[in-house]
Amino acid sequence: MALSKSVEESLKEAEAALRNALAYAARQERPMVCSVIADLISRIESMQSTDSILDKLEERKPGDTGFFGTFFNNND
């Protein structure tokens, strides 16, 4: 199930706010603070891309080889 539009928009807003916070933190905070903020941004991006991949896998039809051709088939 894809992320709802409201969740997707909220995540984009949160990511933008975190990027803004990271810009300020880079100038005046300890490196650990910057590291944690960057990790949060990375986790949001990772979740969005993972959700997209999971959607593609859920929509896969039985016997469908997708973009990989016979690479993952053991029958060959």
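Described below are features of the structure shown in this document. (Residues numbered from 1 in each chain as written. Predicted model: local features only at pLDDT ≥ 70, side-chain atom pairs only at ≥ 80, totals over all residues. Heavy atoms only, no water.)

**Describing a nonpolar patch on the surface**
Taken together, the side chains of M32, V36 and L40 make up a nonpolar region of the molecular surface, amounting to roughly 270 Å² of accessible area. Looking at the secondary structure, you find L40 in helix α2 (residues 31–58). (Patch = residues over 30% accessible without salt bridge, like charges linked within 9 Å, V, L, I, M, F, W, Y side chains within 5 Å. Areas by Shrake-Rupley, 256 points an atom, 1.4 Å probe, with all protein chains shown as cover. Salt bridge = Lys/Arg side-chain N within 4 Å of Asp/Glu carboxyl O. Helix = DSSP H or I, 4+ residues; strand = E, 2+ residues; numbered from the N terminus.)

**Considerations on the nonpolar core**
L11, L18, A25, C34, I37, I41 and I44 form the largest nonpolar core, which has seven residues in total. Those elements giving two or more residues to this core turn out to be α1 (5–28) and α2. The greatest single-element share of this core, amounting to four residues, is contributed by α2. Contacts of I44, omitting those with residues within four sequence positions, involve L11, A14, E15 and L18. (Core = buried A, V, L, I, M, F, W, Y, C linked by side-chain atoms within 4.5 Å. Buried < 20%, exposed > 50% of the residue type's maximum accessible area, 1.4 Å probe, protein only. Contact = heavy atoms within 4.5 Å.)

**Description of the packing of α1 against α2**
Contact geometry of α1 with α2 gives a least axis separation of 9 Å together with a crossing angle of 160°. Taken together, α1 and α2 sit at an angle that is classed as roughly antiparallel. Where α1 crosses over α2, the handedness of that crossing is left-handed. Together, E8, L11, K12, A14, E15, L18, R19, A21, L22, A25 and A26 of α1 and V33, C34, I37, A38, L40, I41, I44, E45, M47 and Q48 of α2 make up the contact between the two elements. (Axes fitted to C-alpha atoms, helices over the stretch in contact; angles between N-to-C directions. Parallel < 35°, antiparallel > 145°, perpendicular 65-115°, else oblique. Left-handed = near helix turned anticlockwise from the far one by under 90°.)

**Side note on the side chain of D51**
Assignment of secondary structure puts D51 in helix α2. If we skip the residues at most four places from it in the chain, D51 touches M1, A2 and L3.

**Section: α1**
Its 24 residues give α1 an end-to-end C-alpha distance of 35 Å, which sits within 8% of 34 Å, the value for a rise of 1.5 Å per residue. Taken together, the buried positions of α1 are L11, E15, L18 and A25. (Expected span 1.5 Å × (residues − 1).)

**As for α2**
Helix length check: α2 (28 residues) gives 40 Å between terminal C-alpha atoms against 40 Å at 1.5 Å per residue, within 8%. Among the residues of α2, those classed as buried are C34, I37, I41, I44, D51 and D55. In the core, the buried residues of α2 are packed alongside α1.

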